[in-house]
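# Summary of structural features
One letter stands for each residue in the lines below.
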Amino acid sequence: MELGCHLLKKRQKSYLMDFKWSKEFAQNLDNQDELSAYRNEFLFPQHNGENCVYFTGNSLGLQPKGAQAALQQELDDWAKYGVEGHFEAKNPWFAYHEMFAEPLSEIVGALPTEVVAMNGLTTNLHLMMVSFYQPTTERFKIICEGKAFPSDQYALETQVRHHGLNPDEVLVELEPREGGHTIRTEDVLKTIEEVGSELALVMIGGVNYYTGQVFEMQKITEAAQKQGAFVGWDLAHGAGNIPVQLHDWNVDFACWCSYKYLNSGPGSISGVFVHQRHCENPDLNRFAGWWGHDKETRFLMEKGFNPIPTAESWQLSNAPVLAMAVHKVAIDLHSKIGMAALRKKSLKLTSYLEFCINQVSVKHSDSAFEIITPSNPNERGAQLSILVHGHGKQLFDFLTKEGVIADWREPNVIRIAPVPIYNSYEDCYRFSVILDAAVNA
Ligand SMILES: *Cc1c(COP(=O)(O)O)cnc(C)c1O
């Protein structure tokens, strides 16, 4: 780890020394980029006849060109076979979700039996808490982020109330230190230690949606489990963005959505990881449905739930095939590339974007903005959050008018995500030129 960090720092330094703020330089990086051809697999929104600078893949990833044909295939099979499509379709619907086990397990560092594609993300957070948050009078506290994504906050609050408890007495919120923007690992570990034997669950976004901070998941998982707690990670901003090793890190559960870095379309299917040791425990409480029941006897429709000894046992319903058809196109692209190659490009792409933004910052010495995402590439994925001082919304509106699609968060943060599967170095350069013009204006 020490050596890895050192090498990474050295590597990043060498990028920085070599980077130049010019269009030719950016285009040259694109020419050397082994993944550059994947940009052509996606459809970009247009601005004045040109691709937008699309930097919101952390909110909704772009549409893969193959999506339409894949969707049409299922519609055709439905027309042709009706209910028989469950077995006769090109990709039989009965076992449709099984196609995701292998590729998803590679994306999140799991065994194929530990992952399943199902439901929406927030639904899955609730299902996981049904299994992994079972408070007692001695052990009932939950450590979470102070400004968690609202849906996660509501899920946590209402789960706590569901058990007849008071959220103010249960939820222990992690906060940055005074004047800081990100949460220090040492502070998380200290909180875990302090809550001690009262700690039932730690549930945090593995990559914070607001700042882009990547948490030290392995360390935090280990520390919380030492206190006897379960640990779950919301990987909405992690899956397909940063490499994780959920199985080896001994994580209890994780959930993610597929429409951000996994490009599977608006509201598309979520994914869940449950560690093998829990999958194989039939006594672990879960809210069940027929698609979680033993496959051999599912259609006997007998009394008594008999869970499949895999993450599939948390499934409630038969697969939503139309959403999954697009998910499959996107996941196949990700599989073809692999997380290692994606991350390799991502590190360099985000560093180049940071470099370009800093050039703009240096030009305007009374700096109009600052990047609050960690500058250490190990502590971030494909996102930079820019805190804008002064006329933030005006600056953002200027960017929008010039063909940048970015994300505005009240009161004053612009989030941008250079996504390695389809964004280019030239996108980064173009963004900085428009930002420069925006600051001038
Ligand atoms: C995007 C996101 C969600 C969205 O939840 P859905 O149930 O998919 O609508 C929830 N939590 C986090 C942390 C997110 O980033």
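As a starting point, this report considers the structure included with it. (Residues numbered from 1 in each chain as written. Predicted model: local features only at pLDDT ≥ 70, side-chain atom pairs only at ≥ 80, totals over all residues. Heavy atoms only, no water.)

## Examining the pattern of salt bridges
The condition is simple: Salt bridges are identified by distance alone: a Lys or Arg side-chain nitrogen within 4 Å of an Asp or Glu carboxyl oxygen. Per the convention used, a helix needs a DSSP run of H or I reaching at least four residues, while a strand needs a run of E reaching at least two, with both numbered from the N terminus. Only protein chains enter the accessibility calculation, which uses a 1.4 Å probe; a residue whose area is less than 20% of its type maximum is buried, one above 50% is exposed, and one in between is partly exposed.
Scanning the entire structure with this criterion turns up 20 salt bridges. One salt bridge connects E198 with K141, and the closest N-O pair in it is separated by 2.9 Å. Of the two residues, E198 sits in the loop between α9 (185-195) and β9 (199-205) while K141 sits in strand β7 (residues 141-145), which places them 57 residues apart along the sequence. With its nearest N and O atoms 2.7 Å apart, the salt bridge here joins D407 to R415. Take R415: its relative accessible area is 3%, and that puts it in the buried class. One continuous salt-bridge network, built from bridges that share partners, spans R177, R184, E186 and D187.

## Regarding the pairing of strand β17 (residues 413-416)
The line we're drawing: Between any two strands, at least two bridges found by DSSP are needed for them to pair.
Side chains V413 and R415 of β17 all project onto a buried face; the interleaved residues I414 and I416 project onto the opposite face, where all are buried too. As paired elements, strand β14 (residues 384-388) and β17 share four bridges and run antiparallel to each other. Paired with S385 across the strands is R415, a residue of β17. In this sheet, β17 lies alongside strand β16 (residues 407-409) in antiparallel orientation, the contact comprising three bridges. For R409, the partnering residue across the bridge sits in β17 and is V413. Where β16 folds back on β17, the antiparallel hairpin that results is connected by three residues.

## Digging into the state of the cysteines
The line we're drawing: Count a disulfide wherever a pair of cysteine sulfur atoms falls within 2.5 Å.
Following the criterion strictly, the structure yields zero disulfides and no others. Free cysteine: C255, not disulfide-bonded; nearest cysteine sulfur from C257 at 10 Å. Between C428, a free cysteine, and C356, which holds the nearest cysteine sulfur, the sulfur-to-sulfur gap is 6.3 Å.

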